[in-house]
Amino acid sequence: MKISRASVFYNVSVLTVSGVLFQLLGFVYQVILSRMAGAQALGVYRLVSPVLTVVLAATLSGLRLAVTSLSAGLRAGRDTGRLRALVRKSMLIFFRLFLVAAVPVGIFSRFIAEHVILEGRTAKALLLIPVYVFLIGFEWTFEALFLGIGKTKYTAVSNLLEQFSKIVLVSALLLWLGHSEDYGQVAFYIMLGMTLSEIPSVVWLLASYRRKVSSQGRARSAVGEEPLKILPLALPVSISAVVTNLIASASVVILPGRLIASGLSSGEALSALGVVSEMALPLITLPMVLIRAMSSVLLPTISRSISQSNGADVRRKVQKSFQATGLFVLPATAILVPLAGPLSKILYRQELEPAYVLLLAIAAVFTYFEVIASSILNGLGMQRAGMLIMIVGEGIQLLCTYYLAALPNLGIYGYIIGMILSPLAVLLLSLEAIRYKTGCAPAFYDSFLLPMLAAGVTGMFARYFYVTFLPLFGGQLLPILAAAACSGGICIAIFLMAGLHPLRYYKTLTIPGTARGRGAERK
């Protein structure tokens, strides 16, 4: 049976395959950073990230969602005039926001580094933020457009091109710099490599846009109402993103100080931040590749179903998305828990405590469901509710960081507890909002209970297989791969015996044709 290119299955598959490659390249990148830069340099670099995320939130988060949602209702090749008008208006808004939010960061970089981040060594890296944001503005706008009109392969190629370029450029710059104790200079070179890596991606997307959209004949209705809807859609999301990222950034910025209050030295505090954010977390959150793909495609498809008043299809997508999330990411995360320690030794030459890994895994699972729930809320047009919910979640993280991370008997574990409680609160509040809007909630057995049971069994088998295979192979890599493969096979067998086929939930997430149902969602 031929798979329709208009189906969510096809588009999620494209993004998932590219995401797996992207994640593999990301692992290479993280290994290079950890070995060439070191934990303390990564801690300094991590303190630049909060400023960058706030600027991106202010300039692009809302625009990205608006372009995806509005372009989802248009057909490429038939409404190209309206697509062009949408892109022009979006870029004009971006340029204005860029001048207000990004340019001042470069101008006042020294002040921000010394008086806001409280780490003067970040000043050089902050200088590059306006250039990076300017380039990524083009990238994100065109990626959002291609996602909306169902041409996901262009977004996939863009992501891979950027990641590969980043590996090459950052590696070359760090190699040229050599071993340096100037951690501010190391952070600057990492940021410089990231900035330069955006250029190939932007060139690819501009060429694809000109070939697939801009060069096509004009539609009968060349402008339409879409440009007028950008701000009403983008503004709540942008405000939410700015507020939540400010709170999240505050958590990251105050974390080293709170860890020092718990008894660590300044270097130990920066190392702890670098290990969590740049080593352990990317390892534990490997399944995020599927979640990102699903959430990217869910938003435009739910928006399309809403515009067609097809309430039945909206409810089906809500159910299937949570079921697919549970069936795929819970067992995958359980496999990673016993294998993360050995993997960290191989990749980063860094020890990870088992309790540390387990808590991060719990936080990751709640985050996966949170991302899906937030994407559904945006697709349902509930941006204001999503904004308030995210603020609550980040507020919980900030409180945990401030109070718990400063306790001598908790330290970095206090920060990780916040990473668990924050997405859990967001998930529960989002589920209630989804239930209110659509009249349905994810099935507890299929979405949560069965995957959790399968995950527990899978995790125990992963540990058993690793310990069994370790004496049989030379080194640790082959036992890790063999344990992951065997435990994954057992997980699939458990689902099949329970009468559930994981691929079925993934594959049946299809875009409806012309069938229209009564809108059952509550207003």
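Quantities reported herein were computed from a predicted structural model and do not represent experimental measurements. (Residues numbered from 1 in each chain as written. Predicted model: local features only at pLDDT ≥ 70, side-chain atom pairs only at ≥ 80, totals over all residues. Heavy atoms only, no water.)

## As for the overall build of the chain
At step 1: The secondary structure content of the chain amounts to 19 helices and 0 strands.
At step 2: The 523 residues of the chain split such that 58% are buried.
At step 3: Within the chain, contacts between residues at least 6 apart in sequence are counted, and of these 84% link residues at least 24 apart. (Helix = DSSP H or I, 4+ residues; strand = E, 2+ residues; numbered from the N terminus. Buried < 20%, exposed > 50% of the residue type's maximum accessible area, 1.4 Å probe, protein only. Contact = heavy atoms within 4.5 Å.)

## A word on the pattern of salt bridges
At step 1: Scanning all chains against the criterion turns up 4 salt bridges.
At step 2: Between Glu 143 and Arg 64 there is a salt bridge whose closest N-O contact spans 3.8 Å. Remark: Arg 64 occurs in helix H2 (residues 39–71) and Glu 143 occurs in helix H7 (residues 129–148); sequence separation between them is 79 residues.
At step 3: Across the salt bridge formed by Arg 435 and Glu 432, the nearest N and O atoms sit 2.6 Å from each other. In this pair, Arg 435 and Glu 432 are both assigned in helix H16 (residues 412–438), 3 residues apart and thus about one turn of the helix distant.
At step 4: Relative accessible area serves as the criterion here: at 42%, Glu 432 is assigned to the partly exposed category. (Salt bridge = Lys/Arg side-chain N within 4 Å of Asp/Glu carboxyl O.)

## Topic: the side chain of Thr 401
At step 1: Within the secondary structure layout, Thr 401 lies in helix H15 (residues 383–404).
At step 2: A relative accessible area of 0% places Thr 401 in the buried class.

## Some details on the packing of helix H10 (residues 230–261) against helix H11 (residues 266–284)
At step 1: Axis separation between H10 and H11 bottoms out at 8 Å; the angle between their running directions is 135 degrees. Taken together, the axis directions place H10 and H11 in an arrangement best described as oblique. Here H10 runs over H11; the crossing is right-handed. Within the contact between the two elements, H10 uses Val 252, Leu 255, Pro 256, Leu 259 and Ile 260 and H11 uses Ser 266, Ala 269, Leu 270, Ala 272 and Leu 273. (Axes fitted to C-alpha atoms, helices over the stretch in contact; angles between N-to-C directions. Parallel < 35°, antiparallel > 145°, perpendicular 65-115°, else oblique. Left-handed = near helix turned anticlockwise from the far one by under 90°.)

## Structural notes on the packing of H11 against helix H14 (residues 354–379)
At step 1: Where H11 contacts H14, the axes come no closer than 10 Å and their chain directions differ by 60 degrees. The angle between the axes of H11 and H14 places the two elements in the oblique class. You can see that H11 and H14 cross each other, and the crossing is right-handed. Residues Ala 272, Val 275, Val 276, Ala 280, Leu 281 and Ile 284 of H11 pack against Tyr 356, Val 357, Leu 360, Ala 361, Ala 364 and Tyr 368 of H14.

## Observations concerning the confidence of the model for the chain
At step 1: Chain-level pLDDT for the chain is 83 on average; 87% of the residues reach the 70-or-more range.
At step 2: Counting interchain partners and residues more than four positions distant, the pLDDT-below-50 stretch residues 218–223 has 12 contacts. (pLDDT = per-residue confidence, 0-100.)

## Section: the packing of aromatic side chains
At step 1: Applying the stated criterion to the full structure yields 20 aromatic pairs.
At step 2: Ring-pair connections join several aromatic residues into one group, and the members of that group are Phe 94, Phe 95, Phe 98, Phe 134 and Phe 138.
At step 3: Geometry around Trp 140 places Arg 64 over its ring, the cationic atom sitting 4.2 Å from the centre.
At step 4: In this structure, Lys 166 is placed above the aromatic ring of Tyr 29, and the distance from its NZ or CZ to the ring centre is 4.7 Å. (Phe/Tyr/Trp six-rings, centres within 6.5 Å; stacked < 30°, edge-to-face > 60°. Lys NZ or Arg CZ within 6 Å of the ring centre and 35° of its normal.)

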